[in-house]
Amino acid sequence: GQQVMQIPQYQHVQEGEDFTTYCNSSTTLSNIQWYKQRPGGHPVFLIQLVKSGEVKKQKRLTFQFGEAKKNSSLHITATQTTDVGTYFCAPNAGGTSYGKLTFGQGTILTVHP
Amino acid sequence: SAVISQKPSRDICQRGTSLTIQCQVDSQVTMMFWYRQQPGQSLTLIATANQGSEATYESGFVIDKFPISRPNLTFSTLTVSNMSPEDSSIYLCSVTATGGRYEQYFGPGTRLTVT
C-alpha cells in the first residue's frame, strides 16, 4: 500500500484553540480518507478527498488535498472537548483492492477544558 | 450504513492457544477486511476475506498464523493461532460502504490480551 507519514504524533490544546494535523506521502495518491478514533472506540470515517487542491468543510473541520496529491491536512477550528481522539489519514487502494486502507501513524489530540 | 458486530469483545488467553474472532455484518458485502491495532499504534491490514475464495494476506501475515473463513456474504472469522504476548492487540473487521459510497465501516474490535 501507499505509505503516509502523519505529524504531529501528539497535540495538546486548550479548548477553543485550533488544531492541524498533516499527512504526507512521497508518491502521488489517488485519494485520501480521514478517520477519527475516540479513546476506546473504533475508527469512524470523516471524509474522502480525491481531486487535486480539493478543500472540504464539515462544520469546524476543514480538509485539504494538496495540488500534487501528495499531502493532506485536517484543521479543526476552535476545538472542543468532543474533538478528543486520534485522527488518521489513510489512502484507499483503488481498483480491485478498493477498501484496503494504509493508515498513517495518527495524531492524538488532547483538549484541555 | 453497515452495522458490524464482533465476538468476543475482549478475551485474555494463554500463550500457545488459539482464539477465533467472529465478525457479523447486517448486510451482504463483497469483501471484508481484518485489521490489527497493537497497543498505542495505528491500524495494520492483515488480510482481505473474499467469499468463495482464499483470503489474501498482506506482507508479514501468513495463513498458518491467521487463518480466515468467509462462509457467506455477511460473516467472517479470524483465528489467531499459537498465540504469544506479541499478539496482544485489538483486532477489527471492516467493510466497504455500498450504494456508491466509499467509506469503510469498522466493527467495535476484539481486544486480545495474551499472557
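Residues numbered from 1 in each chain as written. Chains lettered and ligands numbered in written order. Predicted model: local features only at pLDDT ≥ 70, side-chain atom pairs only at ≥ 80, totals over all residues. Heavy atoms only, no water.

**Q** I would appreciate a short explanation of the overall build of chain B in the present structure.
**A** Looking only at helices and strands, chain B has 0 helices and 11 strands in total. Beginning at the N terminus, the succession of helices and strands in chain B can be written as β-β-β-β-β-β-β-β-β-β-β. A globule of 115 residues ought to have a C-alpha radius of gyration of about 13 Å, and chain B, at 13 Å, matches this closely. Projected onto its principal axes, the C-alpha coordinates of chain B cover approximately 45 × 25 × 25 Å. (Helix = DSSP H or I, 4+ residues; strand = E, 2+ residues; numbered from the N terminus. Rg over C-alpha atoms; globule rule 2.2 N^0.38 Å.)

**Q** What's the story with the state of the cysteines in this structure? I'm lost.
**A** Any covalent bond linking the sulfur atoms of two cysteines counts as a disulfide. The tally for this structure, following the rule as stated, stands at 2 disulfides over all chains. Each sulfur of the disulfide joining Cys 23 of chain A and Cys 89 of chain A lies 2.0 Å from the other. Judged by the sign of its S-S torsion, about 80 degrees, the cystine formed by Cys 23 of chain A and Cys 89 of chain A is right-handed. Taken together, the residues Cys 23 of chain A in strand E3 (residues 19-24) and Cys 89 of chain A in strand E9 (residues 85-90) connect sequence positions 66 residues apart. Both residues of the pair, Cys 23 of chain A and Cys 89 of chain A, count as buried. Cys 13 of chain B forms no disulfide, and the closest cysteine sulfur to it belongs to Cys 93 of chain B, at a distance of 17 Å. Accessibility expressed as a relative area gives 9% for Cys 13 of chain B, which makes it buried. (Disulfide = S-S within 2.5 Å. Buried < 20%, exposed > 50% of the residue type's maximum accessible area, 1.4 Å probe, protein only.)

**Q** Quick question: what am I supposed to make of the packing of aromatic side chains here?
**A** Given two aromatic rings, one states the distance between the centres and the angle between the planes to describe the pair. In the structure shown here, the tally under the stated rule is 11 aromatic pairs over all chains. Ring geometry for Phe 88 of chain A against Phe 103 of chain A: centres 5.6 Å apart, planes inclined by 90 degrees, an arrangement best described as edge-to-face. Here Phe 88 of chain A is found in strand E9, whereas its partner Phe 103 of chain A is found in the loop between E9 and strand E10 (107-112), with 15 residues between them in sequence. Taking the relative accessible area as the measure of exposure, Phe 103 of chain A reaches 9% and is therefore buried. Ring geometry for Phe 103 of chain A against Tyr 35 of chain B: centres 5.8 Å apart, planes inclined by 90 degrees, an arrangement best described as edge-to-face. Placement of the pair is Phe 103 of chain A in the loop between E9 and E10 and Tyr 35 of chain B in strand E4 (residues 31-37), with the two residues belonging to separate chains. (Phe/Tyr/Trp six-rings, centres within 6.5 Å; stacked < 30°, edge-to-face > 60°.)

**Q** Just to check I follow, could you spell out unusual backbone geometry for this structure?
**A** The phi torsion of most residues other than glycine is negative, and most of the peptide bonds are trans. Residues and elements named next belong to chain A. Geometrically, the link from Ile 7 to Pro 8 is a cis peptide bond, its omega value of -5 degrees lying close to zero. For Pro 8, the location among the structural elements is in the loop between strand E1 (5-7) and strand E2 (10-14). Backbone geometry at Lys 59 places phi at a positive 55 degrees, although glycine is not the residue there. Take Lys 59: it is sitting in the loop between strand E6 (55-58) and strand E7 (61-65). You can call Lys 59 exposed: its relative accessible area is 86%. Phi at Lys 69 is positive, roughly 55 degrees, even though this residue is not glycine. By the secondary structure assignment, Lys 69 is in the loop between E7 and strand E8 (71-76).

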